[in-house]
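Survey of secondary and tertiary structure
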Amino acid sequence: MQLFYAPDITPPLHTLSEEESKHCVRVLRLGRGDTLHITDGRGNLFCCEITDDNPKRCAVRVTETRAGWEALPYSLTMAVAPTKNADRFEWFLEKATEVGVGTIIPLETEHCERRVFKPERGERVITAAMKQSLKAYRPTLRPLTPFGEAAAMPFEGRKFIAHCAPAQSPEGKAYLPATLRRGEAALILIGPEGDFSPEEIAFARANGFEEITLGAQRLRTETAAVAAVVMVSVANG
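Residues numbered from 1 in each chain as written. Predicted model: local features only at pLDDT ≥ 70, side-chain atom pairs only at ≥ 80, totals over all residues. Heavy atoms only, no water.

1. Points about the layout of surface pockets
A volume near 500 Å³ is recorded for the largest pocket. Lining the largest pocket are 24 residues, and of these Glu 19, Glu 20, Thr 127, Ala 128 and Lys 131 sit closest to its centre. Mapped onto the lining of the largest pocket, the elements with two or more residues apiece are β1 (3-5), β2 (13-15), α1 (18-27) and α3 (119-132). Per element, the largest residue contribution to the lining of the largest pocket is six residues, and it comes from α3. Among the residues forming the lining of the largest pocket, the class breakdown is 11 nonpolar, six polar and seven charged. Split by domain, the residues of the lining of the largest pocket number at least three in each of domain 1 (1-65) and domain 2 (73-234). If you add up the space inside the second largest pocket, you get close to 310 Å³. Those elements that provide at least two residues to the lining of the second largest pocket are β13 (209-213) and α7 (221-235). Grouping the constituent residues of the lining of the second largest pocket by class yields eight nonpolar, six polar and five charged. (1 Å grid on protein atoms, 1.4 Å probe; cavity = no way out; pocket = protein on both sides within 12 Å on 5 of 7 lines; lining within 4 Å. Points joined across faces, edges and corners; volume = space filled by probe spheres on them. Helix = DSSP H or I, 4+ residues; strand = E, 2+ residues; numbered from the N terminus. Nonpolar A, V, L, I, M, F, W, Y, C, P; charged D, E, K, R; others polar. Domains from an automatic or database assignment.)

Structure, rendered in structure tokens:
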């Protein structure tokens with residue numbers, strides 16, 4: 001299946017963007033009468049037939065619409081401190097999109113390695129990963145958000161903070177796969193290489209976050225974030 005992204009598609013007729021038209025006609029060598037699929041990134045999958053194979057403005061006709069195509073059975077929000085090396089954070093964006101995530105929040109923390117985040121490149125990485133992994137839902141990428149704002153925002157579900165410091169709560173840190181319940185919404189905070197500060201951990205706890213561990217291994221920020229996404233996916237079957 002060849003998947004294209006068109007957030008503005010309105011059936012029954014649609015014209016691909018010049019970039020998508022070139023990829024469709026020149027790269028994939030699709031022509032009049034061939035079938036392709038388009039998603040609006042909101043869960044709708046449109047089965048289409050090419051009616052005009054112009055490489056600059058390829059036109060299609062929608063023959064079938066599938067709503068809620070392969071929707072995730074859970075809701076996951078990942079708030080992750082951007083890495084100093086932008087490529088590593090983009091790797092996380094790509095892999096999280098492939099595995100399954102609803103919202104990604106770049107997190108500005110006390111020990112943050114990067115305090116400027118330009119979302120344009122990240123948006124492109126997410127779009128490409130969505131198309132390559134054949135998903136109809138496109139994750140939402142939020143602007144860089146201060147830790148306090150992210151930790152205090154309303155959230156309907158369970159909230160977790162992963163860190164490497166000793167637990168501040170008497171019950172200790174739970175292992176994420178062991179504590180997560182199938183089908184529940186989750187918000188997970190992943191800190192920078194220097195970890196969250198004790199004050200940030202205390203603030204998160206005061207705002208309803210549970211302390212968690214992702215295992216005994218010491219992980220880089222982007223690795224920990226991907227591991228958490230995979231754990232949530234596996235916990236939900």
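2. Describing the domain arrangement of the chain
Segmenting the chain into domains produces domain 1 (1-65) and domain 2 (73-234). Each of domain 1 and domain 2 was reduced to a C-alpha centroid, and the two centroids are 34 Å apart. Across the contact, 10 residues belong to domain 1 and eight residues belong to domain 2. For the pair domain 1 and domain 2, the number of links is one salt bridge. In this structure, the salt-bridge partner of Glu 20 is Lys 131, at a minimum N-O distance of 3.2 Å. There are five residue pairs in polar contact (both at pLDDT 80 or more) connecting domain 1 and domain 2. For the side of domain 1 that touches domain 2, the element with the highest residue contribution is β1, accounting for three residues. Residue composition of the side of domain 1 that touches domain 2, by class: four nonpolar, four polar and two charged. (Contact = heavy atoms within 4.5 Å. Salt bridge = Lys/Arg side-chain N within 4 Å of Asp/Glu carboxyl O. Polar contact = N/O pair within 3.5 Å; in protein donor to acceptor, adjacent residues only side chain to side chain.)

3. Thoughts on the UniProt feature "domain: Ribosomal RNA small subunit methyltransferase E PUA-like" (unreviewed entry) in the chain
In the numbering used here, UniProt assigns the feature "domain: Ribosomal RNA small subunit methyltransferase E PUA-like" (unreviewed entry) to residues 16-62. Overall, residues 16-62 shows 21% helix and 36% strand. The separation of its end C-alpha atoms is 12 Å. (UniProt positions renumbered as here; feature names shortened; annotations may be inferred.)

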